[in-house]
Amino acid sequence: MSGPATSLDALYDDAPCGLLLADADGLLLHANATACAWLGFTLPELAGIVCIQDLMTVGARLFHHTHCVPVLQVRGSVAELQIDLRHRDGTRLPMLVNIARRPDGEQIHDQWALFMASERQSYERELRNARRAAEEALEARRGAELQLQAVDAALSGADPRKDEF
């Protein structure tokens with residue numbers, strides 16, 4: 001049976017970003033299929049068992065504790081953080097993260113949206129390389145124009161002398 005609920009479930013589960021729901025202490029309550037695949041876990045292996053901090057590298061865990069949690073407490077959201085999470089096999093996963101803290105009855109939940117930053121880093125690297133190539137081409141053109149001006153000046157200076165001869 002398909003309908004609006006099924007479509008919304010598929011949209012959530014197969015979203016092009018990882019989606020996590022955690023309590024205020026970081027205990028994961030739910031994760032979509034994308035997040036599970038990226039992290040290398042099944043939902044039953046995560047939900048109610050793993051804290052988001054357990055999936056972070058040491059540096060990310062420290063940053064989360066000292067910077068992210070205080071901002072969440074004051075502002076209720078953190079946007080475009082780049083932190084490294086760890087796949088089940090230990091592989092480092094650079095992620096761009098948005099977190100929104102929401103009251104849910106008497107509890108507080110953190111909603112996480114994860115985006116693979118490795119693709120963004122690759123795109124940014126390509127942009128930097130293209131810019132460098134364009135700058136080098138522009139410098140080469142300027143150098144050629146200066147050489148052409150020097151040759152033109154030399155020829156212009158030689159032109160009246162040929163008539164004097």
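Before reading on, note that the structure itself is shown above.
Residues numbered from 1 in each chain as written. Predicted model: local features only at pLDDT ≥ 70, side-chain atom pairs only at ≥ 80, totals over all residues. Heavy atoms only, no water.

Caption draft 1: Structural view of the overall build of the chain. The number of helices and strands found in the chain is five helices and five strands. Counted from the first residue to the last, the chain has its helices and strands arranged as α-β-β-α-α-α-β-β-β-α. With 165 residues in all, the chain has 28% of them scored as buried. In the chain, once contacts between residues fewer than 6 apart in sequence are set aside, the share between residues at least 24 apart is 38%. Per element, the accessible surface of the chain, about 11,000 Å² overall, is 57% carbon and sulfur. (Helix = DSSP H or I, 4+ residues; strand = E, 2+ residues; numbered from the N terminus. Buried < 20%, exposed > 50% of the residue type's maximum accessible area, 1.4 Å probe, protein only. Contact = heavy atoms within 4.5 Å. Areas by Shrake-Rupley, 256 points an atom, 1.4 Å probe, with all protein chains shown as cover.)

Caption draft 2: Spatial organisation of the pattern of salt bridges. Evaluation of the coordinates by the stated rule reveals three salt bridges. Among the salt bridges present, the one from Arg88 reaches Glu45, with a minimum N-O distance of 2.8 Å. Here the residue Arg88 occupies a position in the loop between strand E3 (77-86) and strand E4 (92-104), and Glu45 occupies one in helix H3 (residues 43-46), the gap between them amounting to 43 residues. The exposure class assigned to Arg88 is partly exposed, which follows from its relative accessible area of 46%. (Salt bridge = Lys/Arg side-chain N within 4 Å of Asp/Glu carboxyl O.)

Caption draft 3: Here's a closer look at the sheet that holds strand E1 (residues 18-23). Spatially, five strands are ordered E2-E1-E5-E4-E3 in an open sheet, and the strand pairing comes out antiparallel. Because the sheet does not close on itself, it has two edges, and the strands there are strand E2 (28-31) and E3. When strand polarity is set aside, the average angle formed by the axes of neighbouring strands in this sheet is 30 degrees. Here three bridges tie E1 to E2, and the two strands are oriented antiparallel to one another. Each residue of the ladder has a partner; that of Ala22, found in E2, is Leu28. Strand contacts of helix H4 (residues 58-75): E3, E4 and strand E5 (107-116), with the helix running at about 160 degrees to E3, the strand carrying the most contacts. (Pairing = 2+ DSSP bridges. Axes fitted to C-alpha atoms, helices over the stretch in contact; angles between N-to-C directions.)

Caption draft 4: Quick look at the side chain of Arg101. Here Arg101 shows up in strand E4. A polar atom in the side chain of Arg101 sits 2.7 Å from the side chain of Asp110. Residues within four places of Arg101 in sequence aside, it is in contact with Ala24, Leu72, Gln73, Gly76, Ile108, His109 and Asp110. (Polar contact = N/O pair within 3.5 Å; in protein donor to acceptor, adjacent residues only side chain to side chain.)

Caption draft 5: Looking closely at the nonpolar core. Of all hydrophobic cores here, the largest spans 27 residues; its most connected members are Leu20, Leu28, Leu46, Leu55, Val97, Trp112 and Leu114. Listed by contribution, the elements that provide at least two residues to this core are E1, E2, helix H2 (33-39), H4, E3, E4 and E5. Beyond its immediate sequence surroundings of up to four residues, Leu55 is in contact with Leu28, Leu39, Phe41, Leu46, Val50, Asp84, Leu85 and Arg86. (Core = buried A, V, L, I, M, F, W, Y, C linked by side-chain atoms within 4.5 Å.)

Caption draft 6: Quick look at the environment of Leu55. Mapping Leu55 onto the fold places it in the loop between H3 and H4. In this structure, the C-alpha to C-alpha distance between Leu55 and Asp84, residues 29 residues apart in sequence, is 8.7 Å.

Caption draft 7: Structural detail: unusual backbone geometry. Positioned with a positive phi, Glu80 is a non-glycine residue whose angle comes to about 55 degrees. Here Glu80 lies in strand E3.

Caption draft 8: Seen up close, the pairing of E4. For E3 and E4, the ladder comprises eight bridges, and the chain directions are antiparallel. Within E4, the residue paired with Leu81 across the bridge is Val97. Direction of pairing for E4 relative to E5: antiparallel, over a ladder of ten bridges. Residue pairing for E5: Arg102 is matched across the bridge by His109. Hairpin connection, E4 to E5: the antiparallel pair is bridged by two residues, and Gly105 has positive phi, about 70 degrees.

So far we have only geometry, and geometry alone does not tell us how the molecule works.
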